[in-house]
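# Observations on the three-dimensional arrangement
Below, each chain spelled out in residue letters.
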Amino acid sequence: MTNAVRLRFIVLLLAVAAMGAAIAASMVHFQRQTRELHTRLANIDAESGQIAAQFKDRFRDITNTRLQYAVTRDPAAWRHFLQATAALSQWIDQQGQQLRTQEERDVLKQVKAALQDYDRTIGQIPGEPNLATEAALPAEVHPPVANSADGLAAYNRIRTESHHLFDLGESLASAHFRSRNELLRGAQQRLDDLRWSVLGLLGLLFLAGVAFAAVAYRDLIAPLRVKLIESQSLVDRQEKLASLGMLAAGVAHEIRNPLTAIKAALFIQQKRFAAGSPEHADSALVQREISRLEKIVNDFLRFARPADPALATIGSDELLREVQQFFAPGLEKAGIKLVVETDGRSPIQVDAAQMKQVLINLVQNAVDAMERSGTITLRSRRDRKPLGGNERDVVILEVEDTGRGIPPEVGRRLFDPFFTTKDHGTGLGLSIAARIVEKHRGALQYQTQVSRGTTFGVVLPEATS
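Residue indices follow the written sequence of each chain, beginning from 1 at its first position. Whole-chain, interface and lining totals are the exception, using all residues; otherwise, since this is a predicted model, local features are given only for residues with pLDDT of at least 70 and side-chain atom pairs are given and counted only at 80 or more. Just so you know, side-chain values use all the structure's heavy atoms and leave hydrogens and water out.

## Considerations on the overall build of the protein chain
Stated precisely, the cut-off is as follows: Helix and strand assignments come from DSSP, with helices taken as H or I runs of at least 4 residues and strands as E runs of at least 2, each series counted from the N terminus. Each residue gets one of three labels from its accessible area relative to the maximum for its type: buried under 20%, exposed over 50%, partly exposed in between, using a 1.4 Å probe on protein chains only. Here a residue-residue contact requires only that any non-hydrogen atoms of the pair lie within 4.5 Å. The protein chains shown are the only cover counted for residues, whose accessible areas, like all others here, come from Shrake-Rupley with a 1.4 Å probe.
Helix and strand counts for the protein chain come out as nine helices and seven strands. A buried classification covers 35% of the 465 residues belonging to the protein chain. Across the protein chain, every contact between residues at least 6 apart in sequence was considered, and the portion connecting residues at least 24 apart equals 75%. With the model as given, the accessible surface of the protein chain reaches about 27000 Å², and the carbon-plus-sulfur share is 56%.

## A few points about the packing of aromatic side chains
To keep it simple, the criterion reads: Aromatic pairs are defined between Phe, Tyr and Trp rings, using the six-membered ring for Trp, whenever the two ring centres lie within 6.5 Å; interplanar angles under 30 degrees are classed as stacked, those over 60 as edge-to-face, and all others as tilted.
Following the criterion strictly, the structure yields four aromatic pairs and no others. Every member of this aromatic cluster is reached through a ring pair, and the members are F415, Y446 and F456.

## Topic: the side chain of T455
Relative to the helices and strands, T455 is located in strand 7 (residues 453-461). Apart from residues lying up to four places away in sequence, T455 is in contact with E398, V399, E400, Q445, Y446 and Q447.

## Remarks on the sheet that holds strand 4 (residues 374-387)
Paired through backbone hydrogen bonds, the strands of a sheet run either parallel or antiparallel to each other. Keep this limit in mind: When DSSP finds at least two bridges between two strands, those strands are taken to pair. Interaxial angle, 0 to 180 degrees, is taken between N-to-C directions of lines fitted to C-alpha atoms, where a helix line uses only the stretch in contact.
Here five strands make up an open sheet; going across it, the order is 2-4-5-7-6 and the pairing mixed. Among the strands making up the open sheet, the edge pair consists of strand 2 (336-342) and strand 6 (443-449). Across the sheet, the axes of successive neighbouring strands diverge by a mean angle of 25°, strand direction being ignored. With seven bridges connecting them, strand 6 and strand 7 associate as antiparallel partners. When the sheet's bridge partners are listed, Q447 is paired in strand 7 with T455. Those strands touched by helix 7 (residues 352-369) are strand 2, strand 4, strand 5 (390-401), strand 6 and strand 7, and its axis lies near 45° from that of strand 5.

## Structural notes on the layout of surface pockets
The criterion, for reference: A cavity here means a set of 1 Å grid points, computed over protein atoms only, where a 1.4 Å probe fits but cannot escape. A pocket is an open set with protein on both sides within 12 Å along at least 5 of 7 lines, and lining residues have an atom within 4 Å of a point. Grid points are joined across faces, edges and corners, and a volume is the space filled by probe spheres set on the points. Each residue is assigned to one class: nonpolar for Ala, Val, Leu, Ile, Met, Phe, Trp, Tyr, Cys and Pro, charged for Asp, Glu, Lys and Arg, and polar for all the others, Gly among them.
Space inside the second largest pocket adds up to approximately 1000 Å³. Around the second largest pocket, the lining is made up of 41 residues, and of these N361, N365, D368, T420 and K422 lie nearest the centre. Among the secondary structure elements, those contributing two or more residues to the lining of the second largest pocket are helix 5 (278-304), helix 7, strand 5, helix 9 (429-439) and strand 7. Looking at the lining of the second largest pocket, the element that brings in the most residues is helix 7, giving 10 residues. Taken together, the residues of the lining of the second largest pocket sort by class into 18 nonpolar, 14 polar and nine charged.

## Thoughts on the nonpolar core
What counts is decided by this rule: In plain words, nonpolar cores are sets of buried Ala, Val, Leu, Ile, Met, Phe, Trp, Tyr and Cys residues tied together by side-chain atoms within 4.5 Å.
L397 and V458 are the most contacted members of the largest nonpolar core, which totals 40 residues. Within the residue set of this core, elements represented by two or more residues are helix 6 (316-333), strand 2, strand 3 (347-350), helix 7, strand 4, strand 5, helix 9 and strand 7. If one sorts the elements of this core by residue count, helix 7 sits on top with seven residues. With near-sequence residues (within four places) excluded, L397 lies in contact with S316, L319, I348, M355, L359, R379, S380, F456, G457, V458 and L460. Core analysis: the second largest hydrophobic core is formed by 23 residues, F59, L82, V111 and L172 among them.

## What to know about the side chain of E398
Note the following rule: Pairing of N or O atoms within 3.5 Å defines a polar contact, subject to two protein rules: one partner must be a possible hydrogen donor and the other a possible acceptor, and residues neighboring in sequence count only if both atoms are side-chain atoms.
Assignment of secondary structure puts E398 in strand 5. The exposure class assigned to E398 is buried, which follows from its relative accessible area of 9%. Side-chain polar atoms of E398 contact the side chain of R381, separated by 2.9 Å. Beyond its immediate stretch of four places on either side in the chain, E398 contacts T377, L378, R379, R381, T455, F456 and G457.

## Let's talk about a nonpolar patch on the surface
Basically, it comes down to this: Residues enter patches when their relative accessible area tops 30% and they take part in no salt bridge; the joining distance is 9 Å for like charges and 5 Å for the nonpolar side chains Val, Leu, Ile, Met, Phe, Trp and Tyr. We count a salt bridge whenever a side-chain nitrogen from Lys or Arg sits within 4 Å of a carboxyl oxygen from Asp or Glu.
Among the surface-exposed residues, L204, F206, L207 and V210 lie close enough to one another that they form a single nonpolar patch of about 400 Å² accessible area. Structurally, F206 is set in helix 4 (residues 149-270). You can call F206 exposed: its relative accessible area is 57%.

## Considerations on the pattern of salt bridges
Counted by the stated rule, this structure contains 11 salt bridges. The shortest N-O distance in the salt bridge between D308 and K439 comes to 3.0 Å. Taken together, the residues D308 in the loop between helix 5 and strand 1 (312-315) and K439 in helix 9 connect sequence positions 131 residues apart. Judged by relative accessible area, which is 36%, K439 ranks as partly exposed. Across the pair R382 and E462 runs a salt bridge, and its minimum N-O distance is 2.8 Å. Pair noted here: R382 is in strand 4 and E462 is in the segment after strand 7, with a separation of 80 residues, a long-range link.

## Some remarks on the environment of V399
Tracing the chain through its elements places V399 in strand 5. Classification of V399 by relative accessible area gives buried; the value is 2%. Put simply, V399 and Y446 are 47 residues apart on the chain and 9.3 Å apart in space, counted from C-alpha to C-alpha. Those residues in contact with V399, other than ones at most four positions away along the chain, are L359, L362, V363, A366, I376, T377, L378, T454, T455 and F456.

Take a look at the structure:
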């Protein structure tokens, strides 16, 4: 796993952990808000609701006591009336501090003012004792004076104010329920916001999970699948090459022995033919064909039984210079320019003879792809690429031409043994080159554009100093 992939995984895991922590914190906050709401509702119901109910009960007691005194003229009833009235006034002053909303406090102020009006009206009834003091109670009981005009008016006002006070008690209860409902609406809004926040975090968590899965598939699973397919293809190719190599080795061995005998016999016969005679020309043609057959047999043997490389550390530029010196005289006559570009003496561990054979084969293919003139560039450069299952520092030896390029249908079979587009080729040059590079723990790759040229690259591990 590369550092970039590891960093992406760490970032995604931190994002998922942060969203999980945010969801957990939101759930804890949700539970705390719910408990606080229950507590506040309980307090409102216990305080505001009880205030309205207690006021009604206390005022009802005052009204009943006042009616009892009006009927019986019992001094005890009057004293109870005075005590209840004073206690109600004091109770109103105390409860005003416990109410939760301004509306409830305003209603309670109206109750207090209406109660004072009620007391003043009682004091205006003719024949009634003075509310200001219990000592004003008459020594003897007088009959009610409700039949007088003033008394009837006072009693009517008392009844009206009593109804008004009871209505204010209902208003106090209504204000309580409105405050309770307002609290519920506010709490519901906050809970809805919290719920949507949790849903949003869950959505982000899902997206983060999808992103994590996508990154895992792209950076881990997909490369592993590609490597598995490549490994399977490489195993299949190695098995085919092994079978083909055994066959080629057997055939080459069977052909080489009689070919050697034919070549020796032809050498003896050539001495009998005069130079310039038709027989001598025919024997020369046979000798050339025998040499070509020998080359094919030798290619078969190199393909079937490639020799293990004798590794030694050399500079890549030295190898490219030797190949340039080998080809330069002939290419100059053909109008093809051969140049070398290096980034310094990049050290590589190779069998110089085998690697030179690979480069010579690639340069020869580049020459065959040129149209009389052009440029072939031998280049070495450092890079970092996956090689042998791990990313590492490599040196790439490139052979770049400005020739015809490789058509797609040819590129698919480019490294197949015995596949060739040349009239006199064996189709083993690139196969042998690829096997030599594999023996060096490297890879042979290419890039091409039709009518623009081709670049073959020999990717080799950079030698440690």
